[in-house]
Each structure stands twice: as C-alpha cells, then as structure tokens.
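As a plain string of letters, each chain reads:
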Number of protein chains: 2
Amino acid sequence: MTITTALARHTAEASRIWPAEVQQSALRAVIDTCACMIAGRNDAAARTISATLSRWQSGTAVDLVSLEHTAAPWAAMVNATAAHALDYDDVLETAAAHASAVFVPALLALAQERKASGAQVLDALAISFDVMNALAAAVNYPHYSRGWHTTLTLGAPAAAAGCARLLGLDTAGAARAISTATSFSSGSKLQFGTQMKPTHAGIAAQAGILAASFAEQGLTAAPEIFEGPWSFETLFGAEGMPGFRVAEERLKGPPALAEPGAWIKAYPCCASAHRPIDAMLHLRQSSGTAARDIERVDTYVSTVVQKNLMYEVPRDEMEGRFSLNHCLAAAACRGSADLADFTLESLADPELIAFWPKVFMHLDPEIPANLAPASGEERCRLRLTLTGGRTLEHTVVFPSGHPQAPMSDADLERKFKDCATGVLAPAATDAALDGLLSLPHANDVDAALKALVPS
Amino acid sequence: MTITTALARHTAEASRIWPAEVQQSALRAVIDTCACMIAGRNDAAARTISATLSRWQSGTAVDLVSLEHTAAPWAAMVNATAAHALDYDDVLETAAAHASAVFVPALLALAQERKASGAQVLDALAISFDVMNALAAAVNYPHYSRGWHTTLTLGAPAAAAGCARLLGLDTAGAARAISTATSFSSGSKLQFGTQMKPTHAGIAAQAGILAASFAEQGLTAAPEIFEGPWSFETLFGAEGMPGFRVAEERLKGPPALAEPGAWIKAYPCCASAHRPIDAMLHLRQSSGTAARDIERVDTYVSTVVQKNLMYEVPRDEMEGRFSLNHCLAAAACRGSADLADFTLESLADPELIAFWPKVFMHLDPEIPANLAPASGEERCRLRLTLTGGRTLEHTVVFPSGHPQAPMSDADLERKFKDCATGVLAPAATDAALDGLLSLPHANDVDAALKALVPS
C-alpha cells in the first residue's frame, strides 16, 4: 500500500472508539488551544488577519478576533493565527510543529458550519494528530532542519485529514483531500519572529477546510503524492530522512495523542527556549540565587535550538519569543516566563535589558547533530557563573508540560484562566471552561464557541 | 541590494509609463485570459471550486463560474482555476509557468473591489510578469525539473507583487507582500492531469490578493526571503540554478512582457505538446497526407516534454491535454487541436483511439538535458512513416503563438470568439470583446467584467 492510501484509509476507517487516554488528551488539546486563542485575540498578527478577512465575511463560523460570524475558512485562518500568535499553543515534538493551533480552529469552524458534534471534533482531532505524526516519522528532523516550517508543511495535510474525517469522506475522498492540501505545504522558518509565523498556522487551517471541502465536492488530485519523482518526498525531503515506509509503520502503532502525545506549553515562547527556562527557574529556586548575583549564563543546546533562537536583541514581542537572552532574563529576574513577560513593556524593562548580554549560547557537542524526533536526545545544560566565581549547573531533558513531564489538569485550568484574563470576566471564564469540558457530550459546538466570546 | 528589496523596489517604484509594445502585450494577455476564463466556465474543476466557495460568498467581485458576486480572494481563486482549466491560457516560457491565468483574475478581482482603473490593472500585470520572469531567471529550469509547479511557486509571489502595485504599497509593503506570498508557494507537477493543476493557478491568485492585503494592513514578514539558509533558494532551489544575482540583473533588463513576452497558446493542451502538434499540422498540410496513410509517428523531444506528457491512454479531458498520443491523433485525423478535440466525446472517438498506439515518443539526445529557459534550444522533430515505408520529417522550434511566432490580432480575436461560443451570444461576444479592448481607458473594470457574464 502507498502512504497516501494508508493515510487516507486510516482517516476514513480508523475506529471511532479511542482509548480513554486519547479522548482525554484530545479534550485537553481543545481546552489549551482555546486558551491560546483567547489570549491571542489582541495579538497584532491575529488582528491584522482578522481585519483583512472581515471585508469578505459571510458565514456561520465565529472569528474570535473580530467576534463576527464568517466563512469557515476565514474563521479557521483567523483563529489559528490567534491560537499560535503567542507561541503558547501545543507542540507535537516528532513533527517539530505546532499541532492543535492548526487542527482545533479548522475543526471547530467546520463543525460550526456543518453542525457536527463535539465528539466528532475530538475524533477528527485524534486523526489529524495521527497523520501529522506519521508524516513526521517519515521526514523529520532533516525536513525541519532544512528550513521548512512543519506547522504548515505537515499541518496542512494533517488538518485536511481531520476535516475529511469530520465530513465523513471515504478513503478515496480522504486521499484527494490530503493530496490537495499538500499544494498548500510551504513556509520557511525564516518567518520565525515575524507575524507570518502564526499566520502559517492560519494558512494550514484554511488549507484543511478548503482541501476537504473540495474533495467532498469531487475535485480530483494526484492519487499518490508522497513517494517517487516530483512527490512530496522529492520536493520537501532532505538527506537522512527515514522515508515514507516508516510513516506506514507508524500508523499501525499507538494513537499519536497517546504516544508521543501533545506537549502543552508552560511558557508563551518558542519551544526551543523551554528547557533553558526550566533550568534557570530550577537553579534560581533551588539555590535562592537572585538575578543581580548572576554574572554570566552559559547555555549548551542543540543545533535546532541554536538556529531557532535567533534574536539576541529582540525588538518586539515576536522576536522576544525567539530570544534566549530575553527568555532567560525574564526567568532569572522575575522567576517567570508568562504572557506578561512578552509584552512591549517587558521588552523595555531596564532590568531585563541589562540581563540580556549576560546570556551566552553554545552548541553542545554531545547532542547528535541529527536529533531523532522525541527520542529524549534533546536537552539543555545551563551554567550560571555567580559574582565571586561560584558556578551552578542544571540539565533539563523534559521541560514542564512535555508529555514526559505533563501539565496537571489544575495547571491547565490555571493556564486557561490566565489566558482569559482581560478578555472574559471571571464568571464568563468559568462558563467558557465548563462549556469546553462538556464538549464530548455536546450535539453541536456552537454554544462552546460562543462562550469564548466576551459579551 | 538583496533580491527581495530589488523586487519590492521594482514593484513600488517602476515607471508607470510602459513602452507601447508592453501596453499592447498586457491588453492582449487580458483578452486571452478572459477568453480562457469564459471557455473554462464549464470545466469540472472550475465548477467544483466555485460550488465549494459559493457557500462563503460575500463581496463585490464577480465569480465567472457561478456568476455571483463574491469575495475578491474567492473570485480570484475560481476565475484563475477556470482560466487555466483548459490549458489554453498563456505561458511565460522562462518560468515554464502559466502567467496571466494567475495574474489577470487576481488583479481584476482586486480592481473590482478597490475600484481601480483598467490602466492600473495593465500596469500591475506588467509588474507581475517582471517579477515572475526575474524569479524564473534565478531558479529555472532546475527548479521546474525537480517537480515544482512554477505556476504556483513563482505565481504566488509574482501575483502578490502585482496586487501590491495595484494597492499602491511602498517598497517595504511590497517586500512584505512578496515574502508573505512565498508561504503559499507549493504544488507538485504530479498534479498534472488532475483538477488540482488548474486549482494551483487559483491558489496562486488567492495568495496574491491575501498577501498584498495582509501587507497593506501591516502584517510583518521576513524581510529577506529568497537568499541564504532556510530561504526560498534553499527550500525550492535545485542544483544548476543560476541564483538570485541573475534575478537582480534581469530586473534591470527590458520588461518581461516585451522580452521574452507571453506565449499566447494556439491549442488548449500542455505547452509541451504544441511543437509536435505544429509539426504534424505542417506535414499533413504540406504533403496532403491523410491519417489513414500514417503507420507510425516518431517524436523526438526534450526530457521536460517527455515527463510532462505522461498519459499514453488518457481517461479524461485533463489527461487528454497531457497525452502526446491524443494531441497528435487529433492533429493527424482532424487537422486540429481545438476545444472540441479535448472533450470526453473526442476521447471516445474510435478514429482517434485507433491512432493513439501509432505515436512514439523518444528523447532527443541533441537537446541539452538542462535546457536554458526560452533560449530556442527546445524543439521537436517529428517523423511520419507512411504506408509503403515513405517517411516525412519536420522540426519545430517556435510553435504558433510563441513570442517568436506571435499570434496575430485577428487570430486572437478568433480565439476569443471560439472560447465564447456556447457561453455568450454572438452580439454579447462582440460587446465583451469591445469592453476588454477599451480597458486601457476604463475608470473601473466592473463593466468589462460584467460583459463577460451571460445575461
């Protein structure tokens, strides 16, 4: 069987009865993504996309930025951009991609339009994770290292698979949807630190809805798109990638939402900064060290981390999220890396600015140059040199929120409420959370979506 | 200067006074593309895209398939798909791409929305050609040979440049538009022969409007997207490509609409089949040979042609357009390769089917493996073996409609009328053509567009 057929068959025919762990993970992913969408409402990228698309609004899905009803592809594009705008949304580590920020807005918008149930959304979400994880197994990390932004390259076909599942397409239809969506796979990591990065999640979410909707109407597309000359493999591949036979094997394994699972982010910044932040917070707390006592911070990281964190002197919020200097300044000086630490105000904080030059990043020669995805080989060693010459050192392998160090339900609830601060009143926040928690039993998702909108 | 800046500066600052030859070429390109759009209205791909998007319609631009007013990005997507559906629309040979099918629908839809004049559309069209041609000079043909469908990969940023010009963006804004549009650059040539091929033109047209509109609203994007690690060059390049310094040089040369100029297609099928068709028509006419006297057709072509014409036994209209066997059967048996020769009915014609197995395709070892774009190195040698063993041979370098063998104004008018047959009444066809001819002096393009809609 070719991988296109295998993915399409899985999309159309996988059992709708998922293990409890997967159902729970899917629900947590929806809650986390909605939290990020709410918090992202005021982000400049999300507002720009919304303001542009609002000119063309017409439809039944909710744009959570403008709060208007609009076409499902537009709502998905806006809401996914908002969900990813603060870089606070979950990660599928095998894909080195943001996952739910693409899938959840696409599925919720399509569900609103087609009156699908909450259970159908959760089921389709599990499919999207499976497809992204299988594709990632074939191409990563060589594909990601070459510069492709996997949130879009793998996000588009995976979102299309989820949308195809939601629409009930058969194997042939799902194959057309997935093939069609690869024509939206694009996006360079050079966009990191610009508003195009979150917009890539928006493009992928729109692609998912368009591709599945076109496929539903019968649009034909290449039946085998992943393997051989001119294929995805040829165009998007890179030396050292495992290849698509691995993807087919991976599809037979446990659901991706169970293994490796989604990494729910504890900090609203690039995932590459999370291990360093955790290491800093750990050393600060365990030793009682104050920021003023730190003379120098040496961080030993992988090539991937080194390339992602490209802004030594960040000029805006987006660059701040891709600045190791700023992330560690916040962790050292404030003991946090929260939403409030990535505002323009925080970037102008003299205490943090004074700390930036103390941070040094080095390549750790012990980390393999070609990291195996989610293998536990990724890590960060951080060494503080204190006034007087004393040093402190700590290594983090699995950061807070990683599937191997999962966020508790209480912490997820706290994150949700933190994200809703300033957008929803406290009582409305509780109602919004209750609405999302009851999603598995909701006949349609409208009410849950509307509870996310401030009255 | 980097190429992103050079392209953006050209987009924002190039003189609005074009040589008469360029103005004339731009107008011919609009007329030709509108002809293709009208003829493409009934194509299955165009109807599917239109039916899907009509669910979300809202706006002021005309969808020429549904004939409804809709959002400019949707109208652009539908109309570009229709324009390219029959593979009858023009080609920029340096790019190995369809050009006006992407640019004209995007610019007309945006012009309708923003009340831009006909002259502004023609000016912006010249810019889109320049940008596509400069990018093509940098990457082709190695980029195309790898499997990228340049109509989308180069079409999206070039359409964005034209839309940015139409919106009057400054250099920084045009740079953001072009950078943003590269995140839509995708699409494999494996989609040739499927409905996704014309849809690629639709995606590129939509991308042009979205990217320029986002840029107008201020969305930030990587300021240098074409050169260096993680760039367009790294992601979309291929061994042997000239590189982006060549693109910058090319921008300083004559306008692309003057040199190399647009290739207005004489036949509604893959450009790779045009030289063989011309050779067959020439031999048939000059020798008076009837199809029944032909025992065997040997065609000697380039690698590019060999790979593009992949259907020996075409099953539908789209495959027929990528079938050398079918194209030469029509030329031999009917003396034509017209719209009527690529219907399901024609594909079921026993005379044509009987001719298919007589056609053989060979690689011509004298054509360079890495063809230089639009260098005149591309050619087709065709040999007929007649009953009794007599052979006839002819070689075509520049096919009918090619800038080196241009279509006359009278032939273009004939093509327009042929395309409108069955869609517009004869009087309405004349009026539509008059409307388009007066575009250089039209204050807004609405009237010209509405004249394309059957009453």
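The shown structure was predicted, so the numbers you read here are calculated from the model rather than taken from an experiment.

Draft legend 1. Local environment of the environment of arginine 284 of chain B. Relative to the elements of secondary structure, arginine 284 of chain B occurs in helix H14 (residues 274-287). Along the sequence, arginine 284 of chain B and proline 426 of chain B sit 142 residues apart, while their C-alpha atoms lie 32 Å from each other.

Draft legend 2. Expanded view of the interface of chain A and chain B. Chain A puts 63 residues into the contact, and the matching count from chain B is 63 residues. The tally of links from chain A across to chain B stands at 0 salt bridges. On the surface where chain A and chain B come into contact, there are 22 residue pairs in polar contact (both at pLDDT 80 or more). By residue number, the principal contributor to the side of chain A that touches chain B is helix H11 (residues 196-216) of chain A, which donates 10 residues.

Draft legend 3. Fine view of the relation of the copies chain A and chain B. Once chain A is rotated about the relating axis by 180° and shifted along it by 0.0 Å, it coincides with chain B to within an RMSD of 0.0 Å. On the angle and the small slide along the axis, the relation comes out as a two-fold axis. Counting the interface residues of chain A, we find that 100% of their copies in chain B are interface residues as well, pointing to one common contact surface.

Draft legend 4. Highlighting the domain arrangement of chain A. Residue and element names in this part refer to chain A. As assigned here, chain A comprises domain 1 (3-251) and domain 2 (271-396). For domain 1 and domain 2, the distance between their C-alpha centres works out to 31 Å. Tallying the contact residues gives 18 residues for domain 1 and 16 residues for domain 2. Overall, the association of domain 1 and domain 2 removes approximately 1500 Å² of surface from exposure, summing both partners, and the carbon and sulfur fraction of that is 63%. Considering only the surface of domain 1 that becomes buried against domain 2, Tyr141, Phe192 and Gly193 emerge as the three largest contributors, covering 32% of it. The tally of links between domain 1 and domain 2 comes to 1 salt bridge. Put simply, arginine 275 and glutamate 93 hold a salt bridge, and the shortest N to O gap is 3.0 Å. Every element with two or more residues in the side of domain 1 that touches domain 2 is listed here: helix H7 (142-145) and H11.

Draft legend 5. Here's a closer look at the sheet that holds strand E6 (residues 359-363) of chain A. Residue and element names in this part refer to chain A. On the basis of which strands lie adjacent, the open sheet formed by 4 strands has the order E6-E5-E7-E8 and mixed pairing. For this open sheet the edge positions go to E6 and strand E8 (391-396), each flanked by a neighbour on one side alone. In this sheet, adjacent strand axes meet at a mean angle of 20° when their direction is disregarded. In this structure, strand E5 (residues 294-301) lies alongside E6, joined through 5 bridges in parallel fashion. Within E6, the residue paired with valine 297 across the bridge is valine 359. Against the sheet, helix H14 (residues 274-287) contacts E5, strand E7 (380-386) and E8, and its axis sits at roughly 135° relative to E8.

Draft legend 6. Region of interest: the sheet that holds strand E8 (residues 391-396) of chain B. Residue and element names in this part refer to chain B. Spatially, E6-E5-E7-E8 is the arrangement adopted by the 4 strands of the open sheet, whose pairing is mixed. The sheet terminates laterally at strand E6 (359-363) and E8, the two strands that pair on one side only. Going across the sheet, the axis of each strand differs from the next one's by a mean of 20°, ignoring polarity. Along the sheet face, H14 touches strand E5 (294-301), strand E7 (380-386) and E8 and points at about 135° away from the line of E8.

Draft legend 7. A look at the state of the cysteines. All names here are of chain A. Summed over all chains, the structure comprises 0 disulfides over all chains. Here cysteine 270 stays unpaired: no disulfide links it, and the sulfur of cysteine 269, its closest cysteine neighbor, is 7.3 Å away. The thiol of cysteine 380 is not disulfide-bonded; the next cysteine sulfur, from cysteine 327, is found 12 Å away.

Draft legend 8. Structural view of the environment of alanine 12 of chain A. Residue and element names in this part refer to chain A. Mapped onto the fold, alanine 12 is located in helix H1 (residues 3-13). Here the alpha-carbon distance between alanine 12 and valine 313, two residues 301 residues apart in the chain, equals 48 Å. The contact partners of alanine 12, leaving out residues within four places of it in the chain, are Arg165, Leu169, Asp170 and Thr171.

Draft legend 9. Representation of the pairing of E8 of chain B in the model. Residues and elements named next belong to chain B. In terms of strand pairing, E7 meets E8 through 6 bridges, oriented antiparallel. Bridge pairing links leucine 382 to histidine 394 in E8. Where E7 folds back onto E8 in an antiparallel hairpin, the turn is made up of 4 residues, including glycine 388, whose phi is positive at roughly 100°.

Draft legend 10. Quick peek at the pattern of salt bridges. Scanning the model with the defined rule gives 40 salt bridges over all chains in all. Between aspartate 32 of chain A and lysine 415 of chain A there is a salt bridge, with the nearest N and O atoms lying 2.7 Å from each other. With aspartate 32 of chain A in helix H2 (residues 20-40) and lysine 415 of chain A in helix H20 (residues 409-420), this residue pair connects regions lying 383 residues apart in the sequence. Neither residue differs from the other here; aspartate 32 of chain A and lysine 415 of chain A are each classed as buried. Between arginine 165 of chain B and aspartate 123 of chain B there is a salt bridge, with the nearest N and O atoms lying 2.6 Å from each other. Of the two residues, arginine 165 of chain B sits in helix H9 (residues 155-167) while aspartate 123 of chain B sits in helix H6 (residues 118-139), which places them 42 residues apart along the sequence. For aspartate 123 of chain B, a relative accessible area of 9% puts it in the buried group. Through salt bridges with shared partners, a single ionic network connects Arg16, Asp123 and Arg165 of chain A.

Draft legend 11. Broad picture of the pairing of E5 of chain A. Residue and element names in this part refer to chain A. The buried fraction of E5 is high, at 6 of 8 residues. Relative to E7, E5 runs antiparallel, the two sharing 6 bridges. Bridge pairing in E7 places tyrosine 300 opposite arginine 381.

Conventions and cut-offs
- Residues numbered from 1 in each chain as written.
- Chains lettered and ligands numbered in written order.
- Predicted model: local features only at pLDDT ≥ 70, side-chain atom pairs only at ≥ 80, totals over all residues.
- Heavy atoms only, no water.
- Helix = DSSP H or I, 4+ residues; strand = E, 2+ residues; numbered from the N terminus.
- Contact = heavy atoms within 4.5 Å.
- Salt bridge = Lys/Arg side-chain N within 4 Å of Asp/Glu carboxyl O.
- Polar contact = N/O pair within 3.5 Å; in protein donor to acceptor, adjacent residues only side chain to side chain.
- Least-squares fit on C-alpha atoms with pLDDT ≥ 70 in both.
- Domains from an automatic or database assignment.
- Buried area = accessible area lost by both parts, 1.4 Å probe.
- Pairing = 2+ DSSP bridges.
- Axes fitted to C-alpha atoms, helices over the stretch in contact; angles between N-to-C directions.
- Disulfide = S-S within 2.5 Å.
- Buried < 20%, exposed > 50% of the residue type's maximum accessible area, 1.4 Å probe, protein only.

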